[in-house]
Amino acid sequence: MKLDQSRYEEFWRNPERYRLIYELNIVPTVPNYSLARGIAFHVIANLEVEGRTEQEIDLVLTGQVSDNTGRTLSLQPKAIATAKVLWNYYKSNCPYANLPVLASESEFEFALYDSPHKGVGRLDRLIRVNGELWLHEFKTTNPKKKYDQAVDEWAQKKQADFEILGARALGYDPFGLIVSYVIEASPPRLMEPVIVKRTEDKLNASIVQIHETCEIIELLKRTVGIHTPWVHLFNYPCNRLDACEYQGICCRAGEIAMPEGFKKREEHLELLRSGQ
């Protein structure tokens, strides 16, 4: 199978939620606000690099034209409007925003030693800073997010491992990631950049862990199937009923008809559209 970091992190956060999203392909018709804001921000960033006009970008953001991955977006107008404000602030204030972009939203696939499985994903941006190659990741967030919290998260976050390994598979050798958080506030502000590096031992361990995760998922599919609930862990958002969209169908056995307010998930990577 091919595994991206979103699947990896969702599986270890809650296998049952993973089953609903990635095996049964059930997702909310409209993503929650923070996710929609982030999607809109990334779409604007990538389409601007491609040289698209503001009018062309608006057509994509409002779902009138599919994005460059083939998805038709369904985002709240507020999330789109906020993303535009945050993007304009980011461009004017982030020291990395206007550096030449060597790669943007580039899909990657990397081997897991002699495993039959693959790691896949997509880079935000690859830039050169003072002659050094760096991956540049940008995130939108709310004022509750603190710098120390972000540093602690990225110390363990598999997204960094996936992107470094993916960049190497594309022929680049980045020093690591520079993560820029744009905070939704009035006025907006930037968090101090989070610098993320990985040792070779850490990357090698991640390769093994990605393979093992694929094996566990494949084992569950063979022995339990996708129409029987998987292990349910009460982590966020599942420990807060007001935060979990899936409470009405969670842990339900048998085939599940598409519930009201949900739709079939569209694959976001071309590398995954040909199947697992």
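Please read all numbers here as calculations on a predicted model, not as lab measurements. (Residues numbered from 1 in each chain as written. Predicted model: local features only at pLDDT ≥ 70, side-chain atom pairs only at ≥ 80, totals over all residues. Heavy atoms only, no water.)

Participant: Tell me about the overall build of the protein chain, and name the residues and values.
Facilitator: What the protein chain contains, in helices and strands, is nine helices and eleven strands. Compactness check: the protein chain gives a C-alpha radius of gyration of 19 Å against a globular reference of 19 Å for 276 residues, within 12% of the reference. With the C-alpha coordinates aligned to their principal axes, the bounding extent of the protein chain is approximately 50 × 45 × 35 Å. Burial analysis of the protein chain (276 residues in total) assigns 49% to the buried set. Contacts in the protein chain between residues far apart in sequence, at least 24 positions, make up 73% of those at least 6 positions apart. Only carbon and sulfur atoms are counted for the fraction: they give 52% of the accessible area of the protein chain, which is about 13,400 Å². Averaging the coordinates of the 34 positive side-chain charges in the protein chain and doing the same for the 38 negative ones gives two points 3 Å apart. (Helix = DSSP H or I, 4+ residues; strand = E, 2+ residues; numbered from the N terminus. Rg over C-alpha atoms; globule rule 2.2 N^0.38 Å. Buried < 20%, exposed > 50% of the residue type's maximum accessible area, 1.4 Å probe, protein only. Contact = heavy atoms within 4.5 Å. Areas by Shrake-Rupley, 256 points an atom, 1.4 Å probe, with all protein chains shown as cover. Lys, Arg positive; Asp, Glu negative; His and termini not counted. Charge placed at Lys NZ, Arg CZ, Asp CG, Glu CD.)

Participant: Could you give me a rundown of the packing of helix H1 (residues 5–13) against helix H7 (residues 158–169), with the residues and numbers involved?
Facilitator: Close contact between H1 and H7 brings their axes to 9 Å; oriented N to C, the two are set at 155°. Between H1 and H7, the interaxial angle falls into the category roughly antiparallel. By crossing handedness, the relation of H1 to H7 is classed as right-handed. Contact residues: H1 offers Gln5, Tyr8 and Glu9, while H7 offers Lys158, Gln159 and Phe162. (Axes fitted to C-alpha atoms, helices over the stretch in contact; angles between N-to-C directions. Parallel < 35°, antiparallel > 145°, perpendicular 65-115°, else oblique. Left-handed = near helix turned anticlockwise from the far one by under 90°.)

Participant: Got a sec to walk through the pairing of strand E5 (residues 118–122)? Specific residues and values, please.
Facilitator: The element E5 is largely enclosed, with a buried count of four among its five residues. Taken together, the two bridges between strand E1 (residues 2–3) and E5 define a ladder with parallel strand orientation. In the strand pairing of E5, Lys2 is matched with Lys118. Across five bridges, the pairing between strand E4 (residues 107–111) and E5 is antiparallel. Bridge pairing links Glu109 to Val120 in E5. A loop of six residues connects E4 with E5, the two strands running antiparallel in sequence, and Tyr113 in this loop sits at a positive phi of about 55°. (Pairing = 2+ DSSP bridges.)

Participant: Kindly report on the confidence of the model for the protein chain, identifying the contributing residues and their values.
Facilitator: Do not read the predicted coordinates in detail wherever pLDDT is low. Per-residue pLDDT for the protein chain averages 93, and the proportion of residues at 70 or more is 99%. Of all helices and strands in the protein chain, the one with the weakest mean pLDDT is helix H9 (residues 270–273) (85), whereas helix H8 (residues 200–223) scores best (98). (pLDDT = per-residue confidence, 0-100.)

Participant: Describe the layout of surface pockets, and please don't skip the residues or the numbers.
Facilitator: Approximately 170 Å³ is the volume attributed to the second largest pocket. Lining the second largest pocket, in full, are Ile44, Glu48, Arg52, Thr53, Glu54, Ile57, Asp58, Lys84, Trp87 and Asn88. Of all the secondary structure elements, the ones that give two or more residues to the lining of the second largest pocket are helix H3 (33–49), helix H4 (54–61) and helix H5 (77–93). Looking at the lining of the second largest pocket residue by residue, the classes come out as three nonpolar, two polar and five charged. (1 Å grid on protein atoms, 1.4 Å probe; cavity = no way out; pocket = protein on both sides within 12 Å on 5 of 7 lines; lining within 4 Å. Points joined across faces, edges and corners; volume = space filled by probe spheres on them. Nonpolar A, V, L, I, M, F, W, Y, C, P; charged D, E, K, R; others polar.)

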